[in-house]
Amino acid sequence: MVNNESRELNAHRIRKFKLDSFVDSFISSCLVQIRKPDEDIFRLALDIAQAPARQVVYVENTPMFIRIAEGLGIRSILDTDYTSTCAKLASFGLHTGEGVVDEAG
């Protein structure tokens, strides 16, 4: 998960939505001192995940950040609403179950 949140908001969202139960790592600008749209924050996330860009699906609601991620070879989804985002995830071979996205298997 890559975000530009403050330390307090980042910790609050992780706790409130139990993000740490399904997110492996958090690349938060408040911790790494790099902010989106800087390409380096995306490169750092790929390095930490030890995943090639083509194996990542990035969901974002800001078109500029989508363009930057796609420029690095990261498959991206512009989130505009739940239904269309689920359909786009399915087009990448992913499915949703009770609000959590799992790899289809």
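Structure shown above.
About the cut-offs
Residues numbered from 1 in each chain as written. Predicted model: local features only at pLDDT ≥ 70, side-chain atom pairs only at ≥ 80, totals over all residues. Heavy atoms only, no water. Helix = DSSP H or I, 4+ residues; strand = E, 2+ residues; numbered from the N terminus. Rg over C-alpha atoms; globule rule 2.2 N^0.38 Å. Phe/Tyr/Trp six-rings, centres within 6.5 Å; stacked < 30°, edge-to-face > 60°. Buried < 20%, exposed > 50% of the residue type's maximum accessible area, 1.4 Å probe, protein only. Salt bridge = Lys/Arg side-chain N within 4 Å of Asp/Glu carboxyl O. Pairing = 2+ DSSP bridges. Right-handed = clockwise from strand over helix to strand, strands pointing away. Contact = heavy atoms within 4.5 Å.

Take the overall build of the chain next. Helix and strand counts for the chain stand at five helices and six strands. For the chain, the succession of helices and strands along the chain, N to C, is β-α-β-α-α-β-α-β-α-β-β. A compact globule built from 105 residues would reach a C-alpha radius of gyration of about 13 Å, and the chain, at 14 Å, matches this within 12%. Judged by the C-alpha coordinates and their principal axes, the chain covers about 35 × 30 × 25 Å.

Here we take up the packing of aromatic side chains. For the structure shown, the criterion picks out one aromatic pair. Consider the rings of Phe42 and Tyr58, whose centres lie 5.3 Å apart with planes at 90°: the pair is edge-to-face. Placement of Phe42 in helix H3 (residues 39-49) and of Tyr58 in strand E3 (residues 57-60) is noted, with a sequence separation of 16 residues between them. Exposure remark for Tyr58: the relative accessible area of 10% places this residue in the buried category.

With that settled, consider the pattern of salt bridges. If you walk through the whole model with that rule in mind, you get four salt bridges. With its nearest N and O atoms 2.7 Å apart, the salt bridge here joins Arg43 to Glu39. Of the two residues, Arg43 and Glu39 are both situated in helix H3; the distance of four residues between them amounts to about one turn of the helix. Residue Arg43 is joined to Asp40 by a salt bridge in which the shortest nitrogen-to-oxygen separation is 3.2 Å.

Let us look at the pairing of strand E4 (residues 75-78). With four bridges joining them, E3 and E4 adopt parallel strand pairing. In the sheet register, Glu60 faces E4, and the bridge partner there is Leu78. Where the polypeptide runs from E3 across helix H4 (residues 63-71) and back to E4, its parallel neighbour, the crossover connection is right-handed.

Among the structural elements, Val59 can be located in strand E3. Note: C-alpha distance between Val59 and Lys88 (29 residues apart in sequence) is 9.7 Å. What Val59 contacts, discounting residues up to four positions off in sequence, is Ile77, Asp79, Thr85 and Leu89.

So yeah, pure geometry; function would need other evidence.
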